[in-house]
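# Working through the structure, step by step
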Amino acid sequence: MNPSQPSRPTILVARPVFPDTVARLRQHFEVDVHDSETPLQGDALARRLQGKSGVFVAGVEPIDAALLAACPELKAVCSMAVGYNNIDVAACTARGVLVTNAPGVLTETTADFGFALMMATARRIGEAERFLRRGEWTHWSYDLMAGQDIHGATLGVLGMGRIGQAVARRGALGFGMKVVYHNRSHLPEAEEAALGARWLPLPELMAQADHLVIVVPYGPASHHLVGREQLAWMKPTATLTNIARGGVVDDAALAEALRAGQLAAAGLDVFEGEPQVHPALLTLPNVVLTPHIASASLATRRAMADLAADNLIAALTGQPPLTALNPEVLARG
Ligand code: GLV
């Protein structure tokens with residue numbers, strides 16, 4: 001660096017990401033990239049953050065009070081994920097560290113995937129493909145891989161935020177589904193009317209849904225929100241699709257309920273303790289399993305990375321970030 005230039009902030013990109021995103025960040029910062037798919041955490045992350053003003057994360061790196069205490073120079077944590085259960089936002093606010101996430105840009109892509117996973121689950125697409133690849137398709141049969149209809153069925157949406165509403169739109173407007181939902185707050189009446197959606201208490205949602213799609217954010221209030229008791233309320237013909245976070249569903253209880261025939265099938269993109277998957281789920285034929293890819297279209301992953309980069313650039317160059325989770329930090333100056 002030219003010694004006459006003012007020194008630029010140093011940041012950590014905690015995960016490999018698009019090279020052009022890193023190149024753009026390099027126009028503003030000294031950039032250290034963690035060039036490994038093994039996430040940095042705890043002491044290793046704290047060591048790597050020494051002397052850094054900002055960090056670009058991807059939804060898994062734990063940012064907690066102990067890490068913040070060990071990294072007093074940190075000013076901004078910018079995530080390319082919309083879910084931020086890996087970040088203790090209150091602890092960041094207490095230390096004046098700005099936090100941003102990436103809402104909005106992944107809504108439609110994630111809803112597309114949730115719908116696809118629900119359909120694959122209901123129509124047994126994974127199971128049918130494995131059957132065919134094993135060479136077991138020898139004749140037509142009246143009930144070969146017969147599953148559950150989507151059109152005209154009741155769609156239950158657990159968590160009616162942006163993504164939940166986008167899933168509901170697909171069901172109501174594209175497939176003539178009846179939409180019921182459970183959420184902390186009710187949708188405004190006009191939105192309920194546009195979707196034909198009806199709020200239900202959780203037990204009734206679980207009991208009425210032919211296809212339950214879980215899109216609720218993860219946190220202490222939603223830990224095992226769907227466990228043994230709630231699964232027992234479902235119809236034996238129903239499906240459950242989880243595109244929220246592992247931990248919202250009790251995976252061991254789900255495996256047990258599937259084995260007992262308490263529901264017909266499950267589609268899971270997220271898991272407790274991922275990338276580990278509960279071994280019982282791996283042995284069940286009526287589960288469609290995907291590796292946390294609901295937002296993974298190339299265009300959307302770019303938009304998510306761009307938004308996190310824009311936020312980091314804004315946060316460290318005195319501009320208002322686009323999607324701050326704790327804007328009160330900015331007001332303090
Ligand atoms: C993905 O799970 C996200 O939160 O963006």
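Next up on the list: the side chain of T300. Position of T300 among the secondary structure elements: in helix α13 (residues 298–316). On the basis of relative accessibility, which here comes to 7%, the residue T300 falls in the buried class. Within the structure, T300 has its side chain in polar contact with the side chain of T109 (distance 2.6 Å). Apart from residues no more than four positions distant in its own chain, T300 is found in contact with V105, L106, T109 and S295.

For any two helices packed against each other, one specifies the crossing angle of their axes together with the interaxial distance. Interaxial distance between helix α1 (residues 19–26) and α13 falls to 10 Å at its minimum, and their mutual angle equals 10°. Overall, the two elements α1 and α13 adopt an arrangement that is roughly parallel. Together, D20, T21, R24 and L25 of α1 and R302, A305, D306, A309, D310, L312 and I313 of α13 make up the contact between the two elements. When grouped by side-chain class, the residues that make up the contact of α1 with α13 number five nonpolar, one polar and five charged.

Remark: the centre distance and the inter-plane angle together describe each pair of aromatic rings, the angle taken between the planes. Evaluated as defined, the whole model comprises one aromatic pair. Ring geometry for F115 and F175: centres 4.9 Å apart, planes at 40°, overall tilted. Remark: F175 occurs in helix α7 (residues 162–175) and F115 occurs in helix α5 (residues 107–122); sequence separation between them is 60 residues. Here the guanidinium or amino end of R302 rests over the ring plane of F18, the centre of that ring lying 4.3 Å away.

Turning our attention to the site of the ligand. Every residue near the ligand is listed here: A81, V82, G83, L106, R245, H292 and M304. V82 is positioned with one of its backbone polar atoms (N or O) 2.8 Å from an oxygen atom of the ligand. Within the side chain of R245, a nitrogen or oxygen atom sits 2.7 Å from an oxygen atom of the ligand. Protein chains bury 86% of the 190 Å² of accessible surface belonging to the ligand in isolation. When grouped by side-chain class, the residues that make up the shell around the ligand number four nonpolar, two polar and one charged.

On the surface, a nonpolar cluster with roughly 320 Å² of combined accessible area is contributed by L132, W137 and L144. Residue placement: L144 occurs in the loop between α6 (125–133) and β6 (154–158).

Now for the domain arrangement of the chain. One can read the domain layout of the chain as domain 1 (10–105 + 298–331) and domain 2 (107–289). The gap between the C-alpha centroids of domain 1 and domain 2 is 32 Å. Tallying the contact residues gives six residues for domain 1 and five residues for domain 2. Counting each side, the surface lost to burial between domain 1 and domain 2 is near 530 Å², with a carbon and sulfur contribution of 43%. Ranking the residues of domain 1 by area buried against domain 2 places N85, G104 and T300 at the top, with a combined share of 65%. Where domain 1 packs against domain 2, one counts zero salt bridges. The interface formed by domain 1 and domain 2 holds three residue pairs in polar contact (both at pLDDT 80 or more) in total. Along the lines of polarity and charge, the residues of the side of domain 1 that touches domain 2 split into two nonpolar, four polar and no charged.

Definitions and limits used
Residue positions are given per chain, counting from 1 as you read along its sequence in written order. This being a predicted model, a pLDDT of at least 70 is required before a residue's local features are given, and a value of 80 or more before pairs of side-chain atoms are given or counted; all residues contribute to the totals for chains, interfaces and linings. Values shown for side chains rest on all heavy atoms present in the structure; no hydrogens or waters enter the calculation. Numbered from the N terminus, helices here are DSSP runs of H or I no shorter than four residues, and strands are runs of E no shorter than two. Each residue's exposure class comes from its accessible area (1.4 Å probe, protein chains only) as a fraction of the maximum for that residue type: buried when under 20%, exposed when over 50%, partly exposed otherwise. Two N or O atoms count as a polar contact when they lie within 3.5 Å, although within protein this holds only if one can serve as hydrogen donor and the other as acceptor, and sequence-adjacent residues are included solely when both atoms are side-chain atoms. In what follows, a contact means two residues having at least one pair of non-hydrogen atoms within 4.5 Å. Working convention: axes come from line fits to C-alpha atoms, limited for helices to the stretch in contact. Angles between N-to-C directions cover 0 to 180 degrees. For classification purposes, angles smaller than 35 degrees are called roughly parallel, those larger than 145 roughly antiparallel, those between 65 and 115 roughly perpendicular, and all remaining angles oblique. Following the grouping adopted for this structure description, the nonpolar residues are Ala, Val, Leu, Ile, Met, Phe, Trp, Tyr, Cys and Pro, the charged ones are Asp, Glu, Lys and Arg, and the polar ones are all others, Gly among them. Pairing of aromatic rings covers Phe, Tyr and Trp, the last through its six-membered ring, and needs centres within 6.5 Å; plane angles under 30 degrees mean stacked, over 60 mean edge-to-face, and all others mean tilted. Only when the NZ of Lys or the CZ of Arg is both within 6 Å of the ring centre and within 35 degrees of the ring normal is a charge said to sit over the ring. Being near a molecule or strand, for a residue, means having at least one of its heavy atoms within 4 Å of it. All accessible-area figures derive from a Shrake-Rupley calculation using a 1.4 Å probe, and residue coverage is judged against the displayed protein chains alone. Surface patches are defined over residues having more than 30% relative accessible area and no salt bridge, joining like charges when they lie within 9 Å and nonpolar side chains (Val, Leu, Ile, Met, Phe, Trp, Tyr) when within 5 Å. Any carboxyl oxygen of Asp or Glu that lies within 4 Å of a side-chain nitrogen of Lys or Arg is treated as forming a salt bridge with it. Either an automatic procedure or a domain database provided the assignment from which the domain bounds are taken. Summed over both partners, buried area is the accessible surface (1.4 Å probe) that two parts give up on being assembled.

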